[in-house]
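Reading the structure
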Amino acid sequence: LPTLPIIDLVAAAGGFGADLLDLTDPDHAEQWLVWAEAPKDPGCFVAWVEGDSMVPLIPDGAWCIFRPTTLEALSHRPALIRTDGLDASGGRFTVKHVRVTWGHDADGQLVRTKLTLASENPAYADLEIPASEGDEGRHVIAELVRVIGPNLPS
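Residues numbered from 1 in each chain as written. Predicted model: local features only at pLDDT ≥ 70, side-chain atom pairs only at ≥ 80, totals over all residues. Heavy atoms only, no water.

Re the overall build of the protein chain
Helix and strand content of the protein chain: 0 helices and 9 strands. Starting at the N terminus and ending at the C terminus, the protein chain contains elements arranged as β-β-β-β-β-β-β-β-β. Burial analysis of the protein chain (154 residues in total) assigns 42% to the buried set. Pairs at least 24 apart in sequence give 62% of the contacts found in the protein chain among residues at least 6 apart. Surface accessibility of the protein chain: about 8,000 Å² in total, with carbon and sulfur atoms responsible for 50%. (Helix = DSSP H or I, 4+ residues; strand = E, 2+ residues; numbered from the N terminus. Buried < 20%, exposed > 50% of the residue type's maximum accessible area, 1.4 Å probe, protein only. Contact = heavy atoms within 4.5 Å. Areas by Shrake-Rupley, 256 points an atom, 1.4 Å probe, with all protein chains shown as cover.)

Remarks on the nonpolar core
By size, the foremost hydrophobic cluster in this structure holds 18 residues, and its most contacted members are Val49, Ile58, Phe66, Leu80 and Val95. Looking at this core, the elements with two or more residues in it are β1 (3–12), β3 (45–50), β4 (62–68), β6 (93–104) and β9 (140–149). Counting residues in each nonpolar core, the second largest holds 10 residues, with Ile6, Ala38, Cys44 and Ile148 among its members. (Core = buried A, V, L, I, M, F, W, Y, C linked by side-chain atoms within 4.5 Å.)

A short note on the environment of Ala36
Relative to the elements of secondary structure, Ala36 occurs in the loop between β2 (31–34) and β3. Taking C-alpha positions, Ala36 is 9.5 Å from Pro153, a pair spaced 117 residues apart along the chain. Residue contacts for Ala36: discarding those within four places in its chain leaves Leu1 and Pro2.

Looking at the environment of Phe66
Tracing the chain through its elements places Phe66 in strand β4. The class of Phe66 is buried, set by a relative accessible area of 0%. Leaving out residues up to four positions away in the same chain, Phe66 has contacts with Gly43, Cys44, Phe45, Ala47, Val49, Leu80, Val95, Ala142, Glu143, Leu144 and Val145.

A few points about the pattern of salt bridges
Applying the stated criterion across every chain, the model contains 6 salt bridges. The salt bridge partner of Asp41 is Arg67, with a shortest N-O separation of 2.2 Å. With Asp41 in the loop between β2 and β3 and Arg67 in strand β4, this residue pair connects regions lying 26 residues apart in the sequence. Sharing partners across several salt bridges, the network here consists of Asp41, Arg67, Arg77 and Glu143. (Salt bridge = Lys/Arg side-chain N within 4 Å of Asp/Glu carboxyl O.)

As structure tokens, this is what we get:
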């Protein structure tokens, strides 16, 4: 049966998540989900999401499957975001829809000008990150693949 590592982090869907300085290497996970319906994509992992900013897409307290991705691969899709540098906490995680705004630089080259992190729940304001030498791309960790729910399958 396919297996997925369970990563020891709490991604916030609301404020910012637990204080973790680094994402655990999935190959060194202490817990694994063995599940016939698990995606076979390389790098997929399971993480806990709490808060209501992504309701109804992601219920508060849901386990979710994520797949590593790049900023360029996302288009208005929900993703796991590392928020270090976005607030004073350092090393926190959240789940938001990711929107990239493009513009032209002084040489006429197409460049990212802004990254917007948006909630599903309209009660939460968007967080906008101005482009600065591509740093905004380092925050995107993984895209949401599937919401499992409040309980892991057994």
